[in-house]
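# Architecture at a glance
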Amino acid sequence: MAEHRTMQRGALLDAARSLLSEGGTEALTFPALAERTGLARSSVYEYFRSRAAVVEELCAVDFPVWAAEVENAMQRAETPEAKIEAYVRRQLDLVGDRRHRAVVAISASELDAGAREKIRAAHGGLITMIVEALGDLGHTQPRLAAMLLQGSVDAAVRRIELTVAEEPGIIADTAVAMILRGVRG
């Protein structure tokens with residue numbers, strides 16, 4: 001029985017990822033989740049009491065996976081510049097991934113404090129790593145530089161998501177070149 005519940009919970013989360021990546025948080029409704037999973041709407045409420053609860057669970061499940069991908073790429077890099085490049089490129093590589101699209105949709109929405117805190121915690125680990133690399137490059141304000149760097153990454157993510165814009169590879173190359181020139185001062 002417990003295994004069946006775990007499978008249904010997984011199916012609901014997967015449906016939520018799809019809905020979020022297709023239509024943002026507005027698309028994430030209990031009727032839509034019920035329709036996607038073939039469950040009765042009342043069954044969806046047995047697993048999650050609200051939309052916020054679905055979002056919070058997705059944050060708890062998907063953010064660490066996504067952050068670990070970026071962290072692994074950074075750990076393989078040898079120099080501070082290479083770490084920064086890995087940080088940027090890995091985030092941009094993940095744009096097409098449904099987990100990442102769901103995370104972006106969640107980040108852009110009005111979230112309850114619990115979900116926001118989970119996102120901040122997951123992001124915090126990445127920001128700490130990039131702050132360290134910027135400090136190694138001699139930045140006097142590494143935390144500020146990290147926030148501005150992430151802003152550039154977020155802008156590149158939005159550009160890639162337009163799909164009518166330039167090729168993702170060109171966007172990534174341009175973002176990396178600009179960021180590396182910027183962090184070298």
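Definitions and cut-offs
- Residues numbered from 1 in each chain as written.
- Predicted model: local features only at pLDDT ≥ 70, side-chain atom pairs only at ≥ 80, totals over all residues.
- Heavy atoms only, no water.
- Axes fitted to C-alpha atoms, helices over the stretch in contact; angles between N-to-C directions.
- Helix = DSSP H or I, 4+ residues; strand = E, 2+ residues; numbered from the N terminus.
- Parallel < 35°, antiparallel > 145°, perpendicular 65-115°, else oblique.
- Left-handed = near helix turned anticlockwise from the far one by under 90°.
- Contact = heavy atoms within 4.5 Å.
- Nonpolar A, V, L, I, M, F, W, Y, C, P; charged D, E, K, R; others polar.
- 1 Å grid on protein atoms, 1.4 Å probe; cavity = no way out; pocket = protein on both sides within 12 Å on 5 of 7 lines; lining within 4 Å.
- Points joined across faces, edges and corners; volume = space filled by probe spheres on them.
- Salt bridge = Lys/Arg side-chain N within 4 Å of Asp/Glu carboxyl O.
- Buried < 20%, exposed > 50% of the residue type's maximum accessible area, 1.4 Å probe, protein only.
- Core = buried A, V, L, I, M, F, W, Y, C linked by side-chain atoms within 4.5 Å.
- Domains from an automatic or database assignment.

### Details of the packing of helix α5 (residues 80-93) against helix α9 (residues 168-183)
- Two numbers describe how α5 lies on α9: the axes approach to 10 Å, and their chain directions differ by 150 degrees. Classified by the interaxial angle, the pair formed by α5 and α9 is roughly antiparallel. Between α5 and α9 lies a crossing of right-handed hand. Only Ala172, Asp173, Ala175, Val176, Ile179, Leu180 and Val183 of α9 make contact with α5, whose side of the interface consists of Glu81, Ile84, Glu85, Val88, Arg89 and Leu92.
- Per-class residue counts for the contact of α5 with α9 are nine nonpolar, no polar and four charged.

### Re the side chain of Gln150
- Structurally, Gln150 is set in helix α8 (residues 142-161).
- Each residue touching Gln150, except ones within four places of it in the same chain, is listed here: Tyr87, Gln91 and Ile127.

### Considering the layout of surface pockets
- In this structure, the second largest pocket occupies an estimated 180 Å³ of space.
- Around the second largest pocket sit Ser152, Ala155, Ala156, Arg159, Glu166, Ile170, Ile171, Thr174, Ala175, Met178 and Ile179, which together line it.
- It is α9 that contributes the most residues to the lining of the second largest pocket, six residues altogether.
- Its residues placed into classes, the lining of the second largest pocket shows seven nonpolar, two polar and two charged.

### What to know about the pattern of salt bridges
- Following the criterion strictly, the structure yields ten salt bridges and no others.
- When the shortest N-O distance is used, the salt bridge between Arg90 and Glu69 registers 2.4 Å. One end of the pair, Arg90, is in helix α5; the other, Glu69, is in helix α4 (residues 51-76), with 21 residues separating them in the sequence.
- What makes Glu69 partly exposed here is its relative accessible area of 30%.
- The shortest N-O distance in the salt bridge between Arg89 and Asp173 comes to 3.0 Å. Of this pair, Arg89 sits in helix α5 while Asp173 sits in helix α9, placing them 84 residues apart in sequence.
- On the basis of relative accessible area, Arg89 is assigned to the partly exposed category, the value being 26%.

### So, the packing of α5 against α8
- Closest axis-to-axis distance for the α5/α8 pair is 10 Å, and the angle between their directions is 30 degrees. Judged on the interaxial angle alone, α8 and α5 are roughly parallel. Where α5 crosses over α8, the handedness of that crossing is right-handed. Listed contacts from α8 to Ile84, Tyr87, Val88, Gln91 and Leu92 of α5 are Leu149, Gln150, Val153, Ala156, Val157 and Ile160.
- Residue composition of the contact of α5 with α8, grouped by class: nine nonpolar, two polar and no charged.

### What about the nonpolar core?
- Within the largest apolar cluster, 55 residues are counted, with the highest numbers of intra-cluster contacts made by Leu33, Ile84, Tyr87, Val88, Leu92 and Leu149.
- Going through the elements one at a time, α1 (2-27), α2 (30-37), α3 (41-47), α4, α5, α7 (113-136), α8 and α9 are the ones with two or more residues in this core.
- Of the residues forming this core, the biggest block, eleven residues, is contributed by α4.
- Taken domain by domain, the makeup of this core includes at least three residues from each of domain 1 (1-47) and domain 2 (57-184).
- Residues within four places of Val88 in sequence aside, it is in contact with Leu149, Val153, Ala175, Val176 and Ile179.

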